[in-house]
Amino acid sequence: MRDYGKLLTWREEPMSGIIEEPGSSVHYHTGSWRTYRPIWDSEKCIQCFRCWAYCPDASILVEDGKVVGIDYLHCKGCGICAKECPPKAEAIEMVLESEAREKESQAV
Ligand code: SF4
Ligand code: SF4
């Protein structure tokens, strides 16, 4: 029986299991957790890259040196990008995910 009060070295620790092959945050779609969705407006965006610099999930999409949108598969909807977007731009608006989905379904 293991004595849980005893400190173990790493060699004494029992083997633990990895259920599947090691994962990657690229394949783990955290966007499904989102309550709020950032909506990016290309007309208002001044390409300052503040959203890109502050996004904790690397979810600001950049192509050819320009912000082009948001990776909704990984964006958790924290709202930092909208908060950091300069007041003179206000190019990112946070909307309820449920409302955004409803609008999408009506548009189809
Ligand atoms: S809401 Fe958060 S996770 Fe999503 S793009 Fe903005 S900063 Fe990144
Ligand atoms: S912070 Fe706002 S203005 Fe700056 S790149 Fe991002 S969306 Fe565009």
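The rules behind these values
- Counting from 1, residues in each chain are numbered in the order their sequence is written.
- Each chain is given a letter, starting from A, and each ligand a number, starting from 1, according to the order in which they appear as written.
- With the structure being a predicted model, the display of local features is reserved for residues of pLDDT at least 70 and the display and counting of side-chain atom pairs for 80 or more, all residues being used for whole-chain, interface and lining totals.
- Side-chain descriptors were evaluated using all non-hydrogen atoms of the structure, hydrogens and water having been removed beforehand.
- For this analysis, a salt bridge means a side-chain nitrogen from Lys or Arg found within 4 Å of a carboxyl oxygen belonging to Asp or Glu.
- Numbering goes from the N terminus for both helices and strands, where a helix is a DSSP run of H or I of at least four residues and a strand is a run of E of at least two.
- Accessibility here uses a 1.4 Å probe with only protein chains present; expressed as a share of the type maximum, an area under 20% marks a residue as buried, one over 50% as exposed, and anything in between as partly exposed.
- When we say a residue is near a molecule or strand, we mean one of its heavy atoms is within 4 Å of it.
- Only Asp, Glu, Lys and Arg are considered charged in this grouping, and only Ala, Val, Leu, Ile, Met, Phe, Trp, Tyr, Cys and Pro are considered nonpolar; every other residue, Gly among them, is considered polar.

Colleague: Let's hear about the pattern of salt bridges: which residues, and what values?
Modeller: The tally for this structure, following the rule as stated, stands at 7 salt bridges. For Arg-101, the salt bridge is made with Glu-97, and the minimal N-O distance between the two is 2.9 Å. Of this pair, Arg-101 and Glu-97 both sit in helix α3 (residues 97–107), 4 residues apart, roughly one helical turn. Judged by relative accessible area, Arg-101 falls into the partly exposed class, the value being 44%. Residue Glu-97 is classed as buried on the basis of its relative accessible area of 4%. One network of salt bridges, with partners in common, ties together Arg-34, Arg-37, Glu-97, Arg-101 and Glu-104.

Colleague: Can you break down the site of ligand 2 residue by residue, with the values?
Modeller: Ligand 2 sits among 14 residues. The nearest are Cys-45, Cys-48, Phe-49, Cys-51 and Cys-85. Considering only residue class, the shell around ligand 2 consists of 12 nonpolar, 1 polar and 1 charged.

Bear in mind that shape data such as this cannot, by itself, settle questions of function.
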